[in-house]
Amino acid sequence: MLAMVLREIGAALVPEERPDPDPGPGEVRIRVEACAVCRTDIHVIDGDLPQAVYPIVPGHEVVGRVEAVGAGVTAPRPGMRVGVPWLGHACGHCAYCETGRENLCDAPGFTGCTRDGGFASHLLAEAAFTIPLDARLDPVATAPLLCAGLIGWRTLRMAGDAGTVGLYGFGAAAHIVAQICRWQGRRVFALTRPGDRDAQDFARTLGAAWAGGSDEAPPEPMDAALIFAPDGNLVPRALGALRKGGRVVCGGIHMSDIPAFPYDRLWGERSVHSVANLTREDARTFFAVVPQAGLVTHTRTYALTRANEAVADHRSGALRGAAVLVP
């Protein structure tokens, strides 16, 4: 197998030939068909996540076919198409797991962070944490749904019944959330990097009622603001753009420090929430919505050996949608 390996924090990914891995008990070996690049992969590369181990093969938006199964695995079966998301393991017995909150597990495992991920031709995954996928789905178009879609879905659900939703940072997650909002009948305001007219035009094509820079005030107060950009300065800015009772939801795993802000930004029963990881229930509900909402992902494909280029393009904001690696 071929893997693109991050040997140390801040290093370039390097290609490495390895023997095909043998699945252990409860595991499956997957032949990767596509793996999208996520902002979290950049955080792993930059050393922003204390739980990450090195060397590591990044990548947690994986679509592939099961090639082999370990002892005790009855599903998925060889030949089935599955997805492999960020949450790769939960203990099943801590207080969080026992109350349906495995995303907060005290002893979790994360694909492409604590265990090798999908920037490779093959990977091992716990069978119980794979997501069954329709064999007719296009692997490249589906890959971004495994994190940008799932985290976007969880973030949007945390916003409740907000009628007007602001999306701060219009990348892979927001371009999916915008389509869900349109399907649900919500209004979307897209707030991009200041001066990024291309991203603003892109947002309008996906149904945004208004698009502007994150340094601008939206045309009216919003019911909720979903922040996907890892910039803590956006939190008080988003609070200031909310109606009373509005909610800011931070969808990223890492964010720069949030600056001090006056209490009146929060007063009026406004609130700030964070999203942590995802659950298998998120996957079940989200993938039921995908065909109903007619979601279309916008992607740019790269050969696996061009992983560094794909990461750089994602980092710079040069993409409409998501970068996807194809072995």
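Computed from a predicted structure; not experimentally measured. (Residues numbered from 1 in each chain as written. Predicted model: local features only at pLDDT ≥ 70, side-chain atom pairs only at ≥ 80, totals over all residues. Heavy atoms only, no water.)

A.B. asks: What am I meant to see in the layout of surface pockets here?
C.D. replies: The probe, sized like a water molecule, is rolled over the atoms to show the empty space still left. The computed volume of the largest pocket comes to approximately 830 Å³. Lining the largest pocket we find 42 residues, and of these R39, G171, F228, A229 and H314 sit closest to its centre. Breaking the lining of the largest pocket down by element, the ones donating at least two residues are α1 (39-46), α3 (148-158), α4 (172-184), β11 (187-192) and α5 (197-205). Residue classes in the lining of the largest pocket are distributed as 22 nonpolar, 13 polar and 7 charged. (1 Å grid on protein atoms, 1.4 Å probe; cavity = no way out; pocket = protein on both sides within 12 Å on 5 of 7 lines; lining within 4 Å. Points joined across faces, edges and corners; volume = space filled by probe spheres on them. Helix = DSSP H or I, 4+ residues; strand = E, 2+ residues; numbered from the N terminus. Nonpolar A, V, L, I, M, F, W, Y, C, P; charged D, E, K, R; others polar.)

A.B. asks: In this structure, what is going on with the side chain of R186? I would like to understand it.
C.D. replies: By the secondary structure assignment, R186 is in the loop between α4 and β11. Here R186 occupies a buried position and makes no salt bridge, while the nearest side chain of opposite charge, D161, is found at 6.5 Å. Reaching out from R186, the side chain makes a polar contact with the backbone oxygen of A162 at a distance of 2.9 Å. Among all residues touching R186, those that are not within four sequence positions of it are L156, G160, D161, A162, G163, V165 and C181. (Buried < 20%, exposed > 50% of the residue type's maximum accessible area, 1.4 Å probe, protein only. Lys, Arg positive; Asp, Glu negative; His and termini not counted. Salt bridge = Lys/Arg side-chain N within 4 Å of Asp/Glu carboxyl O. Polar contact = N/O pair within 3.5 Å; in protein donor to acceptor, adjacent residues only side chain to side chain. Contact = heavy atoms within 4.5 Å.)

A.B. asks: How do you make sense of the UniProt feature "domain: Alcohol dehydrogenase-like N-terminal" (unreviewed entry) in the protein chain when you look at a structure like this?
C.D. replies: UniProt's entry tags residues 24-133 with the feature "domain: Alcohol dehydrogenase-like N-terminal" (unreviewed entry), counted in the numbering of this structure. Taken end to end, residues 24-133 is 7% helix and 32% strand, and its two terminal C-alpha atoms sit 23 Å from one another. (UniProt positions renumbered as here; feature names shortened; annotations may be inferred.)

A.B. asks: Is there a simple way to think about the pattern of salt bridges in this case?
C.D. replies: Where charged atoms from two side chains of opposite charge come close, those side chains can pair. Applying the stated rule across the entire model yields 22 salt bridges. The shortest N-O distance in the salt bridge between R154 and D282 comes to 2.9 Å. Pair noted here: R154 is in helix α3 and D282 is in helix α7 (residues 280-293), with a separation of 128 residues, a long-range link. The same class applies to R154 and to D282, which are both buried. With a closest N to O distance of 2.8 Å, D201 and R204 form a salt bridge. Of the two residues, D201 and R204 are both situated in helix α5; the distance of 3 residues between them amounts to about one turn of the helix. Given the relative accessible area of 39%, D201 is considered partly exposed. Accessibility expressed as a relative area gives 40% for R204, which makes it partly exposed.

A.B. asks: I keep staring at the sheet that holds strand β10 (residues 164-168) and nothing clicks. Help me out?
C.D. replies: Where strands meet in a sheet, backbone hydrogen bonds hold them as pairs that are either parallel or antiparallel. Strand order in the open sheet formed by 6 strands is β12-β11-β10-β13-β14-β15, with parallel pairing between adjacent strands. Strands with a single pairing partner mark the edges of an open sheet, and in this sheet they are β12 (210-213) and β15 (271-274). On average, adjacent strands in this sheet sit at an angle of 20° to one another, irrespective of strand direction. Packed on one face of the sheet, α3 meets β13 (222-227), β14 (242-250) and β15 and runs near 155° to β14. (Pairing = 2+ DSSP bridges. Axes fitted to C-alpha atoms, helices over the stretch in contact; angles between N-to-C directions.)

A.B. asks: Would you mind showing me how to read α3 here?
C.D. replies: It helps to recall that an α-helix has 3.6 residues per turn; residues three or four apart then point in one direction. Within α3, 9 of the 11 residues are buried, which leaves the element mostly enclosed by the surrounding structure. For α3, the elements touching its buried residues are β4 (61-69), β9 (131-132), α4, β13, β14 and α7. Note on α3: the residue one or two positions beyond its end, G160, has a positive phi of about 70°.

A.B. asks: Where do I start with the packing of α3 against α7 in this structure?
C.D. replies: Geometrically, a packed helix pair is captured by the angle between its two axes and the distance between the axes. Look at α3 against α7: their axes get within 10 Å of each other, and the N-to-C directions meet at 95°. Judged by the inter-axis angle, α3 sits roughly perpendicular to α7. Seen from α3, the contacting residues are G149, L150, W153, R154 and R157; seen from α7, they are D282, A283, T285, F286, F287 and V289. Taken together, the residues of the contact of α3 with α7 break down into 6 nonpolar, 2 polar and 3 charged. (Parallel < 35°, antiparallel > 145°, perpendicular 65-115°, else oblique.)

A.B. asks: What should I look at first to understand the nonpolar core in this one?
C.D. replies: Most often, soluble globular proteins have nonpolar side chains that are buried together. In this structure, F119, L167, F170, L226, F286 and F287 are the most contacted members of the largest nonpolar core, which totals 97 residues. The element contributing the most residues to this core is α4, with 8 residues. (Core = buried A, V, L, I, M, F, W, Y, C linked by side-chain atoms within 4.5 Å.)

A.B. asks: Would you explain α5 in this entry?
C.D. replies: Within α5 the residues assigned to the buried category are A199, Q200, F202 and A203. End-on view of α5: buried residues confined to an arc of 160°, all on one side of the axis. In α5, the exposed residues that point more than 90 degrees away from the buried face are R197 and T205. Taken together, the buried residues of α5 touch α4, β11 and β12. Backbone geometry just downstream of α5 places G207 in the positive-phi region, at approximately 105°. (Arc of directions from axis to C-beta.)

A.B. asks: Can you walk me through unusual backbone geometry in this structure?
C.D. replies: Residues apart from glycine generally show negative phi values, whereas peptide bonds are mostly found in trans. In this structure, the amide linkage connecting Y54 to the following residue, P55, adopts the cis form with an omega of 0°. Within the fold, P55 resides in the loop between α1 and β4. For the bond running from A75 to P76, omega is 0°, close enough to zero to count as cis. For P76, the location among the structural elements is in the loop between β4 and β5 (81-84). Notably, N277 is not glycine yet its phi reads approximately 60°, a positive angle. Here N277 is to be found in the loop between β15 and α7.

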